[in-house]
Amino acid sequence: FPEPTAHFDRERLSLIGDIYRQAMTTEALPSLRADVLRRSESAQPNDGPYASLALAYILWWDGDEEDAEQTILRLRGRFPHDQGVAMNHAYLLIQRSRYDDALDLLKELTSTDPERQDEYLSLAMWVTLMAEDQGAARDIADRLLAIEMDADTVYRLANACLDEEMNDVARTLGRRSLA
């Protein structure tokens, strides 16, 4: 966390990070936090979650993990069907090593947004590998094999399975990437 999502692509996320680092070096961080907090609090629903997401990122980078999560949770309440906000929450949960919570959220996203299930299941696979839960990883791998994924993603997941000594899953995924 943060990771690029529908709201902040890699370039915009990098820009926010640059602004944060600049504020740190010029001792303007309190002013930046206050300004972004003010914008977040005054944002209207049609403004989208941008200001609050930026606030969560700044809080996270500043070491206020709990406040960053609370900001994301408030956003989830305001934008319950926003997949980008939900993905930000999933990434935050992963960074906080709350793998079970992240997997529950990814499972929910997979069922509510089937068009992007490959993205959610791929991330769920990485989470199970980080949590060293081979049983869950095998279950997710079975689900992944049933959907279309690009060869690069399948190849990377297969290599990650090899690293975790899940050779049978890696072989199955590897055969899929060659197909």
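Residues numbered from 1 in each chain as written. Predicted model: local features only at pLDDT ≥ 70, side-chain atom pairs only at ≥ 80, totals over all residues. Heavy atoms only, no water.

### Looking at the packing of aromatic side chains
This is how the line gets drawn: Any pair of Phe, Tyr and Trp rings, taking the six-membered ring for Trp, is counted once the centres come within 6.5 Å. Such a pair is stacked with planes under 30 degrees apart, edge-to-face with planes over 60 apart, and tilted for the rest. Numbering goes from the N terminus for both helices and strands, where a helix is a DSSP run of H or I of at least four residues and a strand is a run of E of at least two. Three labels apply to residues, based on accessible area from a 1.4 Å probe with only protein chains included: buried if under 20% of the type maximum, exposed if over 50%, partly exposed otherwise in between.
The full count for this structure, using the stated rule, is 4 aromatic pairs. Look at Tyr-57 and Trp-61: their rings are 6.2 Å apart centre to centre, the planes differ by 45°, and that puts the pair in the tilted class. Here Trp-61 and Tyr-57 lie together in helix H3 (residues 50-61), a separation of 4 residues that amounts to about one turn. Owing to a relative accessible area of 0%, Tyr-57 belongs among the buried residues under this scheme.

### Let's talk about the side chain of Asp-113
What counts is decided by this rule: Charge assignment: positive for Lys and Arg, negative for Asp and Glu; neither His nor the chain ends contribute. The rule for a salt bridge is simple: a side-chain nitrogen of Lys or Arg has to be within 4 Å of a carboxyl oxygen of Asp or Glu. By definition in these notes, contact holds between two residues if any of their heavy atoms fall within 4.5 Å.
Among the secondary structure elements, Asp-113 is positioned in the loop between helix H6 (99-112) and helix H7 (117-130). Here Asp-113 sits buried without a salt bridge, and the closest side chain of opposite charge, Arg-116, lies 4.0 Å off (N-O distance). When near neighbours in sequence (up to four residues on either side) are disregarded, Asp-113 contacts Gln-83 and Tyr-120.

### Concerning the pattern of salt bridges
Tallying each qualifying case throughout the model produces 12 salt bridges. Here Arg-76 makes a salt bridge to Glu-108, at a shortest N to O gap of 3.6 Å. Here Arg-76 is found in helix H4 (residues 65-78), whereas its partner Glu-108 is found in helix H6, with 32 residues between them in sequence. With relative accessibility at 19%, the residue Arg-76 sits in the buried group.

### A few points about the side chain of Thr-5
Along the chain, Thr-5 falls in the segment before helix H1 (10-25). Beyond its immediate sequence surroundings of up to four residues, Thr-5 is in contact with Gly-84, Met-87, Asn-88 and Tyr-91.

### Some details on H1
To keep it simple, the criterion reads: An expected span of 1.5 Å times one less than the residue number is assigned to each helix. Starting at the helix axis, one direction is taken to each C-beta atom, and the arc is that of these directions.
For H1, spanning 16 residues, the distance from its first C-alpha to its last is 22 Å, which sits close to the expected 22 Å at 1.5 Å a residue. Every buried residue belonging to H1 is among Leu-13, Ile-16, Gly-17, Tyr-20 and Ala-23, and all of these are buried. Buried residues along H1 cover an arc of 125° about the axis, so they all sit on one side. Of the exposed residues in H1, the ones pointing more than 90 degrees away from its buried face are Arg-10, Glu-11, Leu-15 and Thr-25. Buried residues belonging to H1 abut helix H2 (29-42) and H3. Following H1 by one or two positions, Glu-27 has its phi on the positive side, about 60°.

### Details of the nonpolar core
Most often, soluble globular proteins have nonpolar side chains that are buried together. Note the threshold: Only buried Ala, Val, Leu, Ile, Met, Phe, Trp, Tyr and Cys residues count toward a nonpolar core, and they belong to the same one when joined by side-chain atoms within 4.5 Å.
Ranked by size, the top nonpolar core spans 52 residues in total, and within it Phe-1, Leu-106, Met-125, Cys-161 and Leu-173 carry the most contacts. Those residues in contact with Leu-106 that sit more than four places away from it in its chain are Met-87, Ala-90, Tyr-120, Leu-123, Ala-124 and Val-127.

### Some words on the environment of Pro-30
Mapped onto the fold, Pro-30 is located in helix H2. Residue Pro-30 is classed as exposed on the basis of its relative accessible area, which comes to 59%. For the pair formed by Pro-30 and Ala-90, sequence separation is 60 residues and the distance between their alpha carbons is 27 Å.

### Quick look at the packing of H4 against helix H5 (residues 83-95)
Just so we agree on the cut-off: For every element, the axis is a line fit to its C-alpha atoms; helices are fit only across the contacting stretch, and the angle between N-to-C directions ranges from 0 to 180 degrees. An angle below 35 degrees is treated as roughly parallel, one above 145 as roughly antiparallel, one from 65 to 115 as roughly perpendicular, and anything else as oblique. In this scheme the handedness of a crossing depends on how the near helix is turned from the far one: anticlockwise by less than a right angle means left-handed, clockwise means right-handed. Gly is put with the polar residues, along with every residue not named as nonpolar or charged; the nonpolar set is Ala, Val, Leu, Ile, Met, Phe, Trp, Tyr, Cys and Pro, and the charged set is Asp, Glu, Lys and Arg.
As a packed pair, H4 and H5 sit with axes 9 Å apart at the nearest point and diverge in direction by 155°. Classified by the interaxial angle, the pair formed by H4 and H5 is roughly antiparallel. Along this stretch, H4 crosses H5, giving a crossing that reads as left-handed. For the pair formed by H4 and H5, the contact residues are Ala-68, Glu-69, Ile-72, Leu-73, Leu-75 and Arg-76 on the first element and Val-85, Ala-86, Asn-88, His-89, Leu-92 and Leu-93 on the second. Here the residues of the contact of H4 with H5 sort into 8 nonpolar, 2 polar and 2 charged.

### Considering the packing of H2 against H3
Contact geometry for H2 and H3: axes closest at 8 Å, N-to-C directions at 150°. With respect to H3, the element H2 is oriented roughly antiparallel. Relative to H3, the crossing made by H2 is left-handed. Here H2 contributes Leu-29, Leu-32, Arg-33, Val-36, Leu-37, Arg-39 and Ser-40 to the contact with H3, which in turn contributes Ala-51, Ser-52, Ala-54, Leu-55, Ile-58 and Leu-59. Split by residue class, the contact of H2 with H3 holds 9 nonpolar, 2 polar and 2 charged.

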